[in-house]
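Architecture at a glance
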Amino acid sequence: QVQLVESGGGLVQAGGSLRLSCAASGSISRINAMAWYRQAPGKQRELVASITNGGTTTYADSVKGRFTISRDNAKNTVYLQMNSLKPEDTAVYLCNADILRAYSVMYLTYWGQGTQVTVSS
């Protein structure tokens, strides 16, 4: 069984910072890309940032220059450092990862349960 568990969400004032973490656990052989998505009430889920196992990153235009994605491959963990937060960043943030389980030959995509980020004005 493979699990992704997020942490680090909360309530913060506009202009503040939060750091999200997402740890993968279970019978994992290898992790390919990892990413953060977010979903606000009444809106579609959107990709915030992604990172390959080699460290190549991509960002949504709305967060470029404010958010930084990173990963620790030894800990199977991905992070999202969020600075200069705005009220429009308020959403449930979910991590996802393409994981090759032990004794498997195919990567599958796994999702965490999400962590709430609320930015007050």
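Because the structure is predicted, anything quoted here is derived from the model rather than measured. (Residues numbered from 1 in each chain as written. Predicted model: local features only at pLDDT ≥ 70, side-chain atom pairs only at ≥ 80, totals over all residues. Heavy atoms only, no water.)

A few words now on the overall build of the protein chain. For the protein chain, the helix and strand inventory stands at zero helices and 11 strands. Along its sequence from the N terminus, the protein chain presents helices and strands in the succession β-β-β-β-β-β-β-β-β-β-β. Expected size for 121 residues packed as a compact globule is a radius of gyration near 14 Å; at 14 Å, the protein chain falls within 12% of this value. C-alpha extents for the protein chain along the principal axes are approximately 50 × 25 × 25 Å. In the protein chain, which comprises 121 residues, the proportion classed as buried is 40%. (Helix = DSSP H or I, 4+ residues; strand = E, 2+ residues; numbered from the N terminus. Rg over C-alpha atoms; globule rule 2.2 N^0.38 Å. Buried < 20%, exposed > 50% of the residue type's maximum accessible area, 1.4 Å probe, protein only.)

Summed over all chains, the structure comprises four salt bridges. For arginine 38, the salt bridge identified is with glutamate 46, shortest N-O distance 2.6 Å. When its relative accessible area of 6% is taken as the criterion, arginine 38 is described as buried. The class of glutamate 46 is partly exposed, set by a relative accessible area of 33%. The residue arginine 38 makes a salt bridge to aspartate 89 at a minimum N-O spacing of 2.9 Å. Taken as a pair, arginine 38 in strand β4 (residues 28–39) and aspartate 89 in the loop between β8 (77–82) and β9 (91–101) lie far apart in primary sequence, 51 residues in all. (Salt bridge = Lys/Arg side-chain N within 4 Å of Asp/Glu carboxyl O.)

A separate point is the state of the cysteines. Enumeration over the complete set of coordinates arrives at one disulfide. The disulfide bridge from cysteine 22 ends at cysteine 95, spanning 1.8 Å between sulfur atoms. For the disulfide bridge between cysteine 22 and cysteine 95, the dihedral angle about the S-S bond is near 40°, and by the sign convention the bridge is right-handed. Here the residue cysteine 22 occupies a position in strand β3 (residues 18–26), and cysteine 95 occupies one in strand β9, the gap between them amounting to 73 residues. Exposure class is identical for cysteine 22 and cysteine 95. Each is buried. (Disulfide = S-S within 2.5 Å.)

Working note: regular strand, side chains alternate between the two faces of the sheet. For β8, the tally of buried residues reaches five of six residues, placing the bulk of the element in the interior. Where β3 and β8 come together, six bridges link them in antiparallel fashion. Following the sheet pairing, alanine 23 is matched in β8 by threonine 77. For strand β7 (residues 67–72) and β8, the ladder comprises six bridges, and the chain directions are antiparallel. When the bridges of β8 are listed, aspartate 72 appears paired with threonine 77. What sits between β7 and β8 in their antiparallel hairpin is a turn of four residues, with asparagine 76 showing a positive phi close to 55°. (Pairing = 2+ DSSP bridges.)

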